[in-house]
Amino acid sequence: MKKNIITIIIAIILSINYNHTQACTNFLVTKGASATGSTFISYSADSHVLYGELYFWAAAKYPAGTMLKIYEWDTNKYLGEIAQAAETYRVTGNMNEHSVAIGETTYGGRHELAGSGIIDYGSLIYITLQRSRNAREAIKTMCELLNAYGYASEGESFSISDPNEVWIFEMIGKGKADKGAVWVAVRIPDGYVSAHANQARITTFPLEGKKVRNSISSKNINKIFNQEIEYVYAEDVISFARTAGYYTGTDAEFSFSDTYAPLDFSGARACEARVWSFFKQVNNSMWEYQDYALGHDLQKRMPLYIKPDKKLSLEDVKIAMRDHYEGTKMDMTTDIGAGPFKCPYRWRPMEFSHEGEKYVHERATATQQTGFWFIAEGRSWLPNPVGGILWFAVDDASTSCLTPIYCSITKVPEIFAVGNGDLLTYSDNSAFWLFNRVTNFVYSRYDAMSEDVLKVQKGFESESEKIIEETDKKANALYAENPDKAIDLLTEFSLQRAQEMFNRWKKLDAYLLVKYMDGNVKKEKNGQFERTEDNYPVQPLHPDLPDYWKKIIVNDNGDILRVPKK
């Protein structure tokens, strides 16, 4: 009996790890790869137990000896306390007042290396944002925090950006015997894009030496501000792997990903496939990696970063974040699982068995269990408090709406505020609950209803981009005279814009219910639901099922449903 209980516990743990390691997606765009010269990183925080809200920390100064309590981001478990910094910067969501942004995806890796230190990956993000003025300082801060207090999570990939640079930073703990972590950080070359989605992606990298000018180990971390540096790594990243028995090759051939998170079918199909789907959208040659994404050719690894065929706009990044593998062999709108209304979602679990064979449901970038997502835009031609915009949304990226949040705001919109509801407490004034109301209704007749959602979504986002141009001009001019007043202006703009989005979604919620209630489709004329001359509702439409779905019904139960011929 004891053995059976242990087996069940192990199975549950593995199940949790499997689901968690397919949780998030990040796309990275350097300023030379963007149409406007902005840097972009995108992030979807995907979890079945994460409530979508916008975090906020005010800038502050602390007396010597102040301690900061650390609570694990995923579970709220108390982990310990660390020394507070003398000064911290304002942070809104995953972006600070200096336009530094950080996103993440968990890849798990070798589970025996789950960290035993004080700082989990979520705390590492938000503490670092409070202490860093640029991407390089963020990497140095993360290194110092890990050295001092240890790592408390599994394998993690981070995206780190400022208005000039974008980095990918991958780490994993050292297990119960050592509180530290091993890691590698790579600057994405200007003009290139990268991505990560729950599978470690950094393979080989140059090692520091007399003839190597662009790489340093953590023992020389203070040199990171030298602009020639493009690679930084934990000084024991290779020696630890040797001691643990994970690696026996030469130092030059050492691959971080292959050593600490070996690629398997799941890592390709459920994780790398999302990277591939982004890559092939921006560079047509990446179609040759489709078999790799399918998990059929694991030897043909995709590059860490690629040069896009054209420079990307904010809209291009939005489209990538709203992807369901449309137009590929994995297109989630075309198989039987999509139902008669082409719904590109599959409820969990992602794996299932039938008659001795195992199968998978696809895991696309846009997914139903998103808590919040964002696109962080850094614009180097403006002062940081004006130039940083967190395009923020809650729930499923495909059918939710981004609103612009300037990085320097001093107050969070009430609809996103922490404490305005939670995952088990409904709130009428919560964006998370409103968007979930709408989206879960849309899933029932996705092909038609999503089109109505996209009209409102695209209208609001396009309008926001136009209004931003004028707001930038006003704020930039005001910032030169009075920075505080400029930040007040940006705060008020961000609050008003978020509330306007919420109001439009409330109207959309009511509109969709009226139009699609009971499987009918109400007729419209001149933007109004149609009535007769006697002010009575016109008979609604009853859309027919597609022929392929009729065939499925007939094949399944035609003998019972068939109407006898006269």
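Residues numbered from 1 in each chain as written. Predicted model: local features only at pLDDT ≥ 70, side-chain atom pairs only at ≥ 80, totals over all residues. Heavy atoms only, no water.

Which residues make up the nonpolar core, and what values do they have?
By size, the foremost hydrophobic cluster in this structure holds 153 residues, and its most contacted members are Phe158, Ile160, Val237, Tyr260, Phe372 and Phe416. A per-element tally of this core places helix H12 (residues 483-516) first, with nine residues. Residue contacts for Phe158: discarding those within four places in its chain leaves Ile102, Gly103, Glu104, Tyr121, Leu124, Ile125, Met142, Trp167, Ile168, Phe169, Met171 and His196. (Core = buried A, V, L, I, M, F, W, Y, C linked by side-chain atoms within 4.5 Å. Buried < 20%, exposed > 50% of the residue type's maximum accessible area, 1.4 Å probe, protein only. Helix = DSSP H or I, 4+ residues; strand = E, 2+ residues; numbered from the N terminus. Contact = heavy atoms within 4.5 Å.)

Give me the lowdown on helix H4 (residues 237-244), citing residues and values where you can.
Of all the positions in H4, only Val237, Ile238, Phe240 and Ala241 are classed as buried. Seen from one end, H4 has its buried residues packed into an arc of 165 degrees, which puts them on one side. Here the buried face of H4 lies against strand S13 (181-187), strand S16 (231-233) and helix H5 (256-260). Looking one or two residues past H4, Gly245 carries a phi angle of roughly 85 degrees, positive in sign. (Arc of directions from axis to C-beta.)

How would you explain helix H6 (residues 265-282) if you had to name every residue and give the values?
Its 18 residues place the ends of H6 24 Å apart at the C-alpha level, agreeing with the 26 Å of an ideal helix rising 1.5 Å per residue. A bend of about 50 degrees at Glu272 is the largest found in H6. Counting buried residues in H6 gives 16 out of 18 residues, a clear majority hidden from the surface. (Expected span 1.5 Å × (residues − 1). Bend = angle between axes of the 7 residues up to and from the residue.)

I'd like a description of the pairing of strand S19 (residues 357-360), backed by residues and values.
As defined by bridge partners, strand S18 (residues 351-354) adjoins S19 across four bridges and the pair is classed as antiparallel. Counted as the bridge partner of Glu351 is Val360 from S19. Between the end of S18 and the start of S19, which pair antiparallel, lie two residues, with Glu355 showing a positive phi angle near 50 degrees. (Pairing = 2+ DSSP bridges.)

Break down the sheet that holds strand S17 (residues 305-306) for me, with residues and values.
As summarised here, the arrangement of the seven strands in space is S17-S14-S1-S2-S20-S21-S22, forming an open sheet in which the pairing is antiparallel. Here the strands that pair on one side only, and so sit at the sheet edges, are S17 and strand S22 (403-406). Note that strand S1 (residues 25-29) and strand S14 (residues 193-196) share four bridges and pair antiparallel. Residue pairing across strands places Leu28 opposite Ser194, the latter belonging to S14.

Just give me the short version of the packing of aromatic side chains, but keep the residues and values in it.
Counting across every chain of the model gives 35 aromatic pairs. Considering the side-chain rings of Tyr71 and Tyr78, the 5.4 Å spacing of their centres and the 55 degrees angle between planes classify their relative orientation as tilted. Taken together, the aromatic side chains of Tyr43, Tyr55, Trp57, Trp73, Tyr121, Tyr126, Phe372, Phe374, Phe392 and Phe416 make up a single cluster linked through ring pairs. Its guanidinium or amino end placed over the ring of Tyr289, Lys300 lies 5.1 Å from that ring's centre, counting from NZ or CZ. Directly above the ring of Tyr192 sits Lys307, whose terminal nitrogen or CZ lies 5.3 Å from the centroid. (Phe/Tyr/Trp six-rings, centres within 6.5 Å; stacked < 30°, edge-to-face > 60°. Lys NZ or Arg CZ within 6 Å of the ring centre and 35° of its normal.)

Quick rundown of the packing of helix H10 (residues 431-442) against H12? Include the residues and the values.
Axis separation between H10 and H12 bottoms out at 10 Å; the angle between their running directions is 30 degrees. Overall, the two elements H10 and H12 adopt an arrangement that is roughly parallel. The hand of the H10/H12 crossing is left-handed. On the side of H10, the interface is formed by Ala431, Leu434, Phe435, Arg437, Val438, Phe441 and Val442, while H12 contributes Met501, Phe502, Trp505, Lys506, Leu508, Asp509, Leu512, Leu513 and Tyr516. Looking at side-chain class alone, the contact of H10 with H12 contains 13 nonpolar, no polar and three charged residues. (Axes fitted to C-alpha atoms, helices over the stretch in contact; angles between N-to-C directions. Parallel < 35°, antiparallel > 145°, perpendicular 65-115°, else oblique. Left-handed = near helix turned anticlockwise from the far one by under 90°. Nonpolar A, V, L, I, M, F, W, Y, C, P; charged D, E, K, R; others polar.)

Can you lay out the packing of helix H11 (residues 446-481) against H12 for me, pointing to particular residues and giving the numbers?
Look at H11 against H12: their axes get within 10 Å of each other, and the N-to-C directions meet at 170 degrees. By the criterion of interaxial angle, the relationship of H11 to H12 is roughly antiparallel. Residue classes in the contact of H11 with H12 are distributed as 21 nonpolar, three polar and nine charged.

Just give me the short version of the environment of Thr328, but keep the residues and values in it.
Looking at the element boundaries, Thr328 is found in the loop between helix H8 (314-321) and S18. Among all residues touching Thr328, those that are not within four sequence positions of it are Trp276, Lys280, Trp287 and Gln290. Polar contacts involving the side chain of Thr328 include one to the main-chain carbonyl oxygen of Tyr325, which spans 2.8 Å. (Polar contact = N/O pair within 3.5 Å; in protein donor to acceptor, adjacent residues only side chain to side chain.)

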